[in-house]
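Analysis of the macromolecular model
Residues per chain are reported as follows:
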Amino acid sequence: MSKDYKDNLPISREEFIAQLRRYQKGSITRRHFLGVTGLGMASAVMAGAVPGLRPRKAWAAGDIGDRVVLATWPNYHDPANFEKFTEMTGAYVQVNVFGSNEEMLAKLQAGGSGWDVFVPTNYTITTYVGEDLIEPLDLSKLSNYDAAAFDPRFSDAGTVNGTLYAVPKNWGTTGYVINTAHSGGMTPTTWKEFWDMTKAEFSGRTMVHDYQLTTIGNALKYFGYSFNSVDPKELADAEKLLLDVKPHLYAINSDYQPPLRNGDAWMSMCWTGDGKQLNNDMPEMRYVLGREGGEIWSDYYAVPRGAEHRAAGYALIDFLLDPAVNAKEVLAHGYPVADSRTNALLPKELLEDPILYPAQELLDALEFGAAATLTDPNRAELLARFKSA
């Protein structure tokens, strides 16, 4: 796609969002949506320029079976893309939503997950490989994957000991979202403020993730410790803070958008895309990256060992890697991607959005999750005590 086209999309950001909401509600057709937003032209240009992006004959209805099971995260896909996939292939996309990587790991360890595709985070992939829960990817079945198109910071974790096990979905940060209508218009800037406000003026209105990596990690940031710390003394400090905060929480839940939207909750730990979705619909919702640091992450598509609908799993991953399809994913979920082909199709306003692309000094303070935190028994036990208190 030419730079001129990208920089001259036919509608404003505000009108694009309005059209997207109309399309998601079913009040306009897909053809109308693609036409007025310019994405239809983008898809045509990309498909014409790169024949590999066009659907392959193997995707014909019935060739890959009648369904595919995807294990993923809340609010993480454009349902219209799943509908299109089913229309093209005859395979229905069954979505299982999870709130933590620990849940995903436990499900696969127990056996019989029924998944064909899942979405692990960067720091977990070595564990899946070590426990033989994930299979090496067959690149002959992924015609839309081009390793050279991806920023290696967000793709390297998919390769373990020289073997490719996972391909990048998107990346993001972990911060928090606050409804500034209840803070006098003030937007905090630190994790210390998040925890202190939870115990004071936001008591009963704050949510944290049901996920040890982020909830414990961001409690550690209150004291200036590493997000990934497994030091017993530092974990003890984080536990004391969490237990002090527990009576003031509205809920411990990784699917936090509904209470924030209906006004029951005013502040929550939050991932990039949820922050973007909430801010789009409710401008008073502000996304904050604590200046002390926190998490930066990258998620991937992978195939679990023993997938029942393996052909459909590969077809779904390949479909979602199509840059034109992936661009529609980004516009729906609000997470940045590391694929330069997809970014060439996105509006300039989105690529410059500070929620998706924070200031460099904020990014510099963030840490990728570490493999040790996934299976550390002290962190697991800490979260269990916190939840049961």
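Small disclaimer: the values here were computed from a predicted structure and weren't measured.

Basis of the calculations
Residues numbered from 1 in each chain as written. Predicted model: local features only at pLDDT ≥ 70, side-chain atom pairs only at ≥ 80, totals over all residues. Heavy atoms only, no water. Helix = DSSP H or I, 4+ residues; strand = E, 2+ residues; numbered from the N terminus. Buried < 20%, exposed > 50% of the residue type's maximum accessible area, 1.4 Å probe, protein only. Contact = heavy atoms within 4.5 Å. Salt bridge = Lys/Arg side-chain N within 4 Å of Asp/Glu carboxyl O. Core = buried A, V, L, I, M, F, W, Y, C linked by side-chain atoms within 4.5 Å. Right-handed = clockwise from strand over helix to strand, strands pointing away. Pairing = 2+ DSSP bridges. pLDDT = per-residue confidence, 0-100. Axes fitted to C-alpha atoms, helices over the stretch in contact; angles between N-to-C directions. Parallel < 35°, antiparallel > 145°, perpendicular 65-115°, else oblique. Left-handed = near helix turned anticlockwise from the far one by under 90°.

This brings us to the side chain of Asn-81. Within the fold, Asn-81 resides in helix 5 (residues 79-89). Using a relative accessible area of 2% as the deciding quantity, one classes Asn-81 as buried. Every residue in contact with Asn-81, bar those within four places of it in the chain, is listed here: Phe-319, Val-325, Lys-328 and Glu-329.

Once that is clear, we can look at the pattern of salt bridges. Where side chains of opposite charge bring their charged atoms close, a pairing between them can arise. Evaluation of the coordinates by the stated rule reveals 14 salt bridges. Glu-367 is the salt-bridge partner of Lys-221, the closest N and O atoms lying 3.9 Å from each other. One end of the pair, Lys-221, is in helix 9 (residues 212-221); the other, Glu-367, is in strand 12 (residues 366-368), and 146 residues separate them in sequence.

Here the focus is the nonpolar core. Ranked by size, the top nonpolar core spans 85 residues in total, and within it Phe-85, Trp-115, Phe-118, Tyr-128, Val-167, Leu-316 and Ile-317 carry the most contacts. Among the elements that make up this core, the one with the highest residue count is helix 13 (residues 310-321) (eight residues). Contact partners of Trp-115, with chain neighbours within four places excluded, come to Val-69, Ala-71, Asn-96, Phe-98, Met-104, Lys-107, Leu-108, Pro-304, Ala-307 and Glu-308. Among the nonpolar cores identified, the runner-up in size contains 25 residues, and Trp-195, Tyr-225, Leu-241 and Leu-383 belong to it.

Another aspect to go through is the pairing of strand 1 (residues 67-72). Most of strand 1 is tucked away, with five of its six residues classed as buried. Remark: the strand 1/helix 5/strand 2 (residues 92-97) crossover connection has right-handed handedness. The pairing of strand 1 with strand 3 (residues 117-118) spans two bridges and is classified as parallel. Bridge assignment links Ala-71 to a residue of strand 3, and that residue is Phe-118.

Take the confidence of the model for the protein next. Confidence in the prediction for the protein averages 89 pLDDT; 84% of positions are at 70 or higher. Counted against residues more than four places away or in other chains, residues 1-9, with its pLDDT under 50, gives 19 contacts. A low-confidence stretch, residues 41-58 stays under pLDDT 50, and its non-local contacts, those more than four residues away or across chains, total 27 contacts.

At a closest axis distance of 10 Å, the pairing of helix 10 (residues 232-245) and helix 19 (residues 377-388) adopts a crossing angle of 15 degrees. Classified by the interaxial angle, the pair formed by helix 10 and helix 19 is roughly parallel. Relative to helix 19, the crossing made by helix 10 is right-handed. Contact with helix 10, carried on its side by Leu-235, Glu-239, Leu-242 and Leu-243, involves Asn-378, Arg-379, Leu-382, Arg-385 and Phe-386 of helix 19 and no other residues of that element.

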